[in-house]
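# Survey of secondary and tertiary structure
Given next are the chains, with one letter for each unit.
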Amino acid sequence: MEHHPQTLGEFIISNQKDFEYSSGELTRLLNCIRLAAKVVNHEIRQAGLVDITGTIGNVNVQGEEQKKLDVFANDVFINALTNRNIVCGIVSEENEDFITISGANNAHRNKYVVVMDPLDGSSNIDAGVSVGTIFGIYRRISPEGTPVTREDFLQPGNMQVAAGYVIYGTSTILVYTTGNGVNGFTLNPAIGTYYLSHPNIRMPEQGRVYSVNEGYYVHFPQGVKDYIKYCQKEEDDRPYTSRYIGSMVSDIHRNLVQGGIYIYPKSSEREDGKLRLVYECNPIAFIVEQAGGHATDGHGRILDIKPQDLHQRVPLFAGSKKMVEKAMSFLK
Ligand code: AHG
Ligand code: MN
Ligand code: MN
Ligand code: MN
């Protein structure tokens, strides 16, 4: 019989001993995310045909024009997680406050909470360019059986049990870690099955791609300007190639596979940068570190930052170990 790559379901079963799957809750949680991602994927692939492009005339807590697909993706993930009674609470980019899953069906007994960016790179949707979903999973720290609290969502990223992203690109790939390395699963849309396509992803220690929005160059700190000029210098293995997609998931995925560095620094216009710590930087930092890369805010590990606010922003330098180290040497 022709050997087919492992499905995501088979992968989870075969790794049962290694992961936090013992109670089955994490397995059910990941199964819920993969189902919701299939629904979002289906809608994205036909965005131009259904009334799902454009904005809904609403500004979210970030001060951003909410896209229809932002809201659609948010609803799909929240409904899937709620209806299957898998978590006790959710934080989303698109919701100002945290969501308490009602105690109706005893959801207060569930031990996990999820933080998520349901649709990353919204500005790309109407342009037909790839977007993503980002999620992180924590064990609750408030007493079991009680309603979830804000502190459950303000744990440092180093407390994540699992983290992952889905990239809706030339193919739809679910990439996640539970702290035992990083694996990628490509969706076969014809049958709705994810197959192991990127086993044990290791980020090259050195890359030749840098990703930063140079449109803001004049507003960057001098050290960041100096690093960008370093990347462009004609010497050694440089100049590097510049790639900036406008969806962090896409830039991070390419850099994870090929090597590279993604930078969203602070600037004179954005004192803390743009990216949100809880549901963008922490999940991405967990994945990048698990693949052998580094993720820092310019001072220390992203994963060691104690969040103060659900939508707190931090600067991000994430990617190949040697590239992040070199970038940091310009910040001193
Ligand atoms: P989101 O679409 O979830 O709000 O996040 C978009 C983020 C990130 O994905 C992307 O790299 C960055 O914003 C692009 O911001 P700029 O347009 O300021 O470069
Ligand atoms: Mn947004
Ligand atoms: Mn985002
Ligand atoms: Mn988003």
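Every residue gets a number counted from 1 within its own chain, in the order that chain's sequence is written. Whichever chain is written first is A, and whichever ligand is written first is 1; the rest continue in order. Confidence filtering applies because this is a predicted model: local features only for residues at pLDDT of at least 70, side-chain atom pairs given and counted only at 80 or more, and all residues used for totals across whole chains, interfaces and linings. The side-chain numbers reported here are obtained from all heavy atoms of the structure, hydrogens and water having been left aside.

It is worth spelling out the overall build of the protein chain at this point. Regarding its fold elements, the protein chain presents seven helices and 15 strands. Note on method: radius of gyration uses C-alpha positions; expected globular size equals 2.2 Å times residues raised to 0.38. Relative to a compact globule of 332 residues, whose C-alpha radius of gyration would be 20 Å, the protein chain shows 19 Å and is just as compact. When the backbone C-alpha atoms are referred to their principal axes, the protein chain occupies close to 60 × 50 × 40 Å. Contact definition: two residues touch when any of their heavy atoms are within 4.5 Å. Taking the contacts inside the protein chain whose residues are at least 6 apart along the sequence as the reference set, 65% of them involve residues at least 24 apart. For the protein chain, the accessible area works out to roughly 13,600 Å², and carbon and sulfur atoms hold 50% of it. Working convention for charge: Lys and Arg count positive, Asp and Glu count negative, and His plus the chain ends are omitted. Taken as the charge centre is NZ of Lys, CZ of Arg, CG of Asp or CD of Glu, depending on the residue. Both charge centroids of the protein chain, one from 32 positive and one from 38 negative side chains, sit 4 Å from each other. The way it works is that DSSP assigns letters per residue, a run of H or I at least four long becomes a helix, a run of E at least two long becomes a strand, and they are numbered from the N terminus. We get accessible surface area from the Shrake-Rupley algorithm with a probe of 1.4 Å; when it comes to residues, only the shown protein chains can shield them.

Now for the coordination of the manganese ion (ligand 2). Listed donors are limited to N, O and S atoms within 2.8 Å of the metal, widened to 3.2 Å for Na, K and Ca; water is not among them, so incomplete-looking sites are possible. Surrounding the manganese ion (ligand 2) are the protein donor atoms Glu64 (OE) and Glu93 (OE), at 2.0 to 2.1 Å. Residue class for Glu64 comes out partly exposed when judged on its relative accessible area of 22%. A 1.4 Å probe rolled over the protein chains alone gives each residue an accessible area, and that area as a share of the maximum for its type sets the label: buried under 20%, exposed over 50%, partly exposed in between.

Interfaces are often described in size by the accessible area the parts lose on coming together. Where each domain starts and ends follows an automatic or database-derived domain assignment. Partitioning the protein chain into domains gives domain 1 (8–200) and domain 2 (209–331). On a C-alpha basis, the centroid separation for the pair domain 1 and domain 2 is 23 Å. Of the residues lining the interface, 51 residues belong to domain 1; the matching set on domain 2 comes to 31 residues. Regarding the contact of domain 1 and domain 2, the summed buried area is about 2,900 Å², with carbon and sulfur atoms giving 62% of it. Throughout this description, the term salt bridge denotes a Lys or Arg side-chain nitrogen within 4 Å of a carboxyl oxygen of Asp or Glu. Counting across the interface, domain 1 meets domain 2 through three salt bridges. For the salt bridge of Glu93 with Arg276, the shortest nitrogen-to-oxygen distance reads 3.4 Å. We define a polar contact as two N or O atoms separated by no more than 3.5 Å, with the added condition that, inside protein, one atom must be a possible hydrogen donor and the other a possible acceptor, whereas residues neighbouring each other in sequence contribute only through side-chain atom pairs. In this assembly, domain 1 and domain 2 are joined by 21 residue pairs in polar contact (both at pLDDT 80 or more). Of all the secondary structure elements, the ones that give two or more residues to the side of domain 1 that touches domain 2 are strand S3 (89–92), strand S5 (112–120), strand S6 (131–139), strand S7 (162–168) and strand S8 (172–177). The element that contributes the greatest number of residues to the side of domain 1 that touches domain 2 is S6, accounting for seven residues. Two parts placed together each lose some accessible area under a 1.4 Å probe, and the buried area is that loss summed for both.

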